[in-house]
Amino acid sequence: MKEYNFKEIEKKWKDFFASQKFVENPSKKNFYLLEMFPYPSGALHMGHMRNYTIGDTYKRFLEMNGYNVIYPMGYDAFGLPAENAAIKSGVDPRKWTFSNIEKMMSQQKQMGLSYQWDRVIITCEENYYRWNQWFFLKFLEKGLAYRKKAPINWCPSCKTVLANEQVHNGKCWRCEAEVEIKSLEQWFLKITSYAEELLNDIETLDWPERVKLQQKNWLGKSEGVRIKFPLETEGFVEVFTTRPDTLWGATFMAISCNHPVLEKIAENQKEEIENLKKIALTQSEEEKEKHGVKLSVKAINPVTGEKIPIFAANFVLMEYGTGAIMCVPAHDKRDFAFAKKYNLPVRVVINPPGENLNPEKMQEAYVEEGIIVNSGKFNGKNSKEAISEIIDFLEEKKLGRREIQWKLRDWLISRQRYWGTPIPVVYCEKCGIVPVPENELPVKLPQNVRFTGSGNPLEKCQEFVNTKCPKCSSPAKRETDTLDTFFDSSWYFLRYLDSKNENLPFDPKIANKYMPVDQYIGGIEHATMHLIYARFFTKVLRDLGLLKTGEPFKKLLCQGMVIKDGAKMSKSKGNVVSVDDILENYGADAGRLFILFASPPERDLEWSDEGIKGCVRFLNRFWQLVQFAFSDEKGEKLPQKEKDLLKLNLSRTIKKVKDDLKNFQFNTAIAAIQELLNFVQKLKNLYSNFEELKETSKILVQLLHPFAPFITMELAQSFEIPLNKFPEYDEKIIKSSQKEVVIQVNGKLRGKIFANESESKDDLLKKALEKEKIKKFITGEIVKTVYIPGKILNIVVKY
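Fair warning: this is a prediction, and the values are worked out from it, not measured in the lab.

**Student:** How would you summarise the pairing of strand E11 (residues 236-241) if you had to cite specific residues and measurements?
**Tutor:** Extensive coverage of E11 is indicated by the burial of 5 of its 6 residues. With 6 bridges joining them, strand E10 (residues 221-230) and E11 adopt antiparallel strand pairing. Opposite Pro-230, over in E11, you have Phe-236 as the bridge partner. Between E10 and E11, which pair antiparallel and follow one another directly, the connecting turn spans 5 residues, one of which, Gly-235, has a positive phi of 80°.

Right, dumping it as structure tokens:
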């Protein structure tokens, strides 16, 4: 028998897998499967390996079940790291990027990933970013791109704009100079024009609930009231609140350090406010301690007539609401903490039902609904029910007006960097801002730039900056900002479908045939920015007539992190497991199996050296069994009882693996294959090479193929085992072995299901919850399940 040598086998088959192309069979259904494409940082990390193994396994399963599967790969190749590398070591960003792509592509091929490499896209290539520029011009025509002033991080020493990630504790990452906030003209996209549609369409998506919730929170629709607080001097400050029921309890106001009113009312406090801005800059939202500067001018609570102090505060952002908030310490946790710190009054205006709060004894804010007190004619009313009535009152008295606000702000797409897509406009003294004509695209990145770390390299490249106005031919200047790299990743899934098109970014007929993406796979960290930007982009392209769909991704799977020693893998923690080491020491199949077996995809995966060694041992046993099955050795005949049991186990395993693969439950599918292998091994030990062993081994190879393609391809070639079809099971055999189990909910009969003797309480509960007739009775929290094997499952629910 031939020994299992994973290095020889994987070397033999990797090029075969990498040569896969999409061939459409009209008799089969099409399926667009996609993983989020990587930034070419130099080498794959374990998060990549997990993401791509999930996708490739599912792709192979789909193909075995009769689908035409589009499965492309590319590289999100623009971005700050390449430019930082150029500044640090003088290496050309393009060479750095393509060297990294070559390395990552090699690793992906070694993993056996069956991408259709003929569709590959690299976003820093002219044939891609040309279409970024084309889209920008379309956005501009439609009034969705515009220019306005916005704050930026400025290093006065390096004379350059810094990304947020380049600011460390308020200082420049490179020279450690104090970072300043400056105002700069920048380009934006009007994503807020699509806010309502982005929110409403979330419910149409087959996405994880936590992702949908994150998107809703990111969009942040708030229905409330805008209220004018007069100043004791002259003028007023407006606040927006969703809690006008607490207005009578507002005892101070907090405003943003960047609020324009400060120029009028805090002229003598500029230094204090500048220091406050620096504090705000050095702290993340999570660690931000609440600081304030008390102003010399007071505001007037419009319903009580009371003069209340105003604080410039580091936790109030100009970008949200009006840049000012009324503070009600008795009924807001943040306001309560701030009031305690600065010894400000706490006034109760909402009591819990049947209780009177004493502000002097309160240890925390009361934030629930309750009974209104100390609020004039609204006393005694339910706080939640009174909100609409209070807004009517404020409108009638001309103190405020109903308003809907969004946390979402327009998308800032300007980046003061070299390594990105040049924004295709020029500035002419006669004509103003002039778009570059489409027939002059792409506006190419110049090659002869110097990376000094001071300023934007494009600004100093005179042959790039100096040009002629497309309208009047007068001397003009090119825009030196480049596009945010999220622009690149907001439509790449469309370019994959028609990646060689030189006349359009993609052919609408082709896109409409395959879009939306049927299954998208990637990390939960992209739940908001990337996924919202891609949704926005798709809706705009639909309105431009390029697409029929308004949503890019039908289904979404978010895989968990890979952790080791209780923490996310990172170089700083010294707990990184190298993909190269896995491929070299254990092989791609073992690495894939471990990743899929160790944890369900949506949960975090704890790395285990012993776990991957166990997968190697399993593959060796699997190899030896199949080799033995096709040897010339003859064994005994199986007794009828064992034959029937083998047939039952085969059908049960095939069904389980198929059902689990459909639902991305790879760990339980692999466990079922291992159990079948163990059972067959026992029969082999008793009856040697029994006549059913060969056919059973074929099924085992077919079942394992999506998970471990190298070993199964080698065995399939050696013993003529077809891998183009998933094995079939006998439903009758399975049903004949099942017992009918009664399902009760809180002791009342609610339905019946069929169950195998081997199925656990949890398996039965899962089946019960899948049946709508039963599920409708389980509207509360399941607190306990009681199972009498083969008879009754009682689900105890707390309503």
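**Student:** Hey, could you go over the domain arrangement of the protein chain for me, with residue numbers and the actual values?
**Tutor:** Under the domain assignment used here, the protein chain contains domain 1 (6-123 + 489-559), domain 2 (137-164 + 185-190 + 412-485), domain 3 (222-405), domain 4 (567-732) and domain 5 (738-798). Between the C-alpha centres of domain 1 and domain 2 there is a distance of 28 Å. Taken together, the contact between domain 1 and domain 2 spans 18 residues of the former and 17 residues of the latter. Interface area, domain 1 with domain 2, both sides summed: about 1,700 Å², of which 72% is carbon and sulfur. When the buried area of domain 1 at its contact with domain 2 is split by residue, Phe-78, Glu-83 and Phe-536 rank highest and sum to 35% of it.

**Student:** Can you explain the pattern of salt bridges? Please cite residues and give values.
**Tutor:** Within this structure, the stated rule accounts for 43 salt bridges. For Arg-226, the salt bridge goes to Glu-238, with nearest N and O atoms at 2.7 Å. Highlighted residues: Arg-226 in strand E10 and Glu-238 in strand E11, separated in sequence by 12 residues. As far as burial versus exposure is concerned, Arg-226 and Glu-238 are alike and both buried. For the salt bridge of Lys-656 with Asp-660, the shortest nitrogen-to-oxygen distance reads 3.0 Å. Placement of both Lys-656 and Asp-660 in helix H20 (residues 640-662) is noted, with a separation of 4 residues, approximately one turn of the helix. Taking relative accessible area as the criterion, Lys-656 reaches 35% and is therefore assigned partly exposed. Using a relative accessible area of 5% as the deciding quantity, one classes Asp-660 as buried. What you see here is one network of salt bridges that share partners, running through Glu-197, Asp-201, Arg-535, Lys-539, Arg-542, Asp-543 and Glu-551.

**Student:** An account of the environment of Lys-29 is requested, with residue identities and associated values reported.
**Tutor:** Turning to its location among the elements, Lys-29 is positioned in strand E1 (residues 29-35). Its relative accessible area of 59% is what places Lys-29 among the exposed residues. Excluding its chain neighbours within four sequence positions, the residues that come into contact with Lys-29 are Gly-66, Tyr-67 and Asn-68.

**Student:** Account for the packing of aromatic side chains, with residues named and values stated.
**Tutor:** Counted by the stated rule, this structure contains 52 aromatic pairs. Considering the side-chain rings of Phe-252 and Phe-311, the 6.0 Å spacing of their centres and the 80° angle between planes classify their relative orientation as edge-to-face. With Phe-252 in strand E12 (residues 252-256) and Phe-311 in strand E14 (residues 307-313), this residue pair connects regions lying 59 residues apart in the sequence. Taken individually, Phe-252 and Phe-311 each receive the classification buried, so the pair is uniform in this respect. Here Lys-109 stacks its cationic end above the ring of Trp-117, 5.4 Å away from the centre of that ring. Positioned over the ring face of Phe-777 is Arg-750, at 3.9 Å from the centre of the ring.

**Student:** Give me the lowdown on unusual backbone geometry, citing residues and values where you can.
**Tutor:** With omega at 5°, the peptide bond leading from Leu-441 into Pro-442 counts as cis. Among the structural elements, Pro-442 can be located in the loop between strand E22 (432-435) and helix H12 (462-465). For the bond running from Met-515 to Pro-516, omega is 0°, close enough to zero to count as cis. Its identity as a non-glycine residue notwithstanding, Ser-473 has a phi of 65°, on the positive side. Looking at where Ser-473 falls in the secondary structure, it is placed in the loop between strand E23 (466-468) and strand E24 (475-478). Given the relative accessible area of 49%, Ser-473 is considered partly exposed.

**Student:** Tell me what's going on with the sheet that holds E1, and back it up with residues and numbers.
**Tutor:** The parallel open sheet is built from 4 strands, whose spatial order is E2-E1-E26-E27. Each end of this open sheet is capped by a strand with a single partner; those strands are strand E2 (67-70) and strand E27 (553-559). Neighbour to neighbour, the strand axes of the sheet diverge by 25° on average, direction disregarded. Sitting on the sheet, helix H2 (residues 46-64) touches E1, E2, strand E26 (517-523) and E27, and the angle it makes with E1 is about 175°.

So, how was this worked out
- Residues numbered from 1 in each chain as written.
- Predicted model: local features only at pLDDT ≥ 70, side-chain atom pairs only at ≥ 80, totals over all residues.
- Heavy atoms only, no water.
- Buried < 20%, exposed > 50% of the residue type's maximum accessible area, 1.4 Å probe, protein only.
- Helix = DSSP H or I, 4+ residues; strand = E, 2+ residues; numbered from the N terminus.
- Pairing = 2+ DSSP bridges.
- Domains from an automatic or database assignment.
- Contact = heavy atoms within 4.5 Å.
- Buried area = accessible area lost by both parts, 1.4 Å probe.
- Salt bridge = Lys/Arg side-chain N within 4 Å of Asp/Glu carboxyl O.
- Phe/Tyr/Trp six-rings, centres within 6.5 Å; stacked < 30°, edge-to-face > 60°.
- Lys NZ or Arg CZ within 6 Å of the ring centre and 35° of its normal.
- Axes fitted to C-alpha atoms, helices over the stretch in contact; angles between N-to-C directions.

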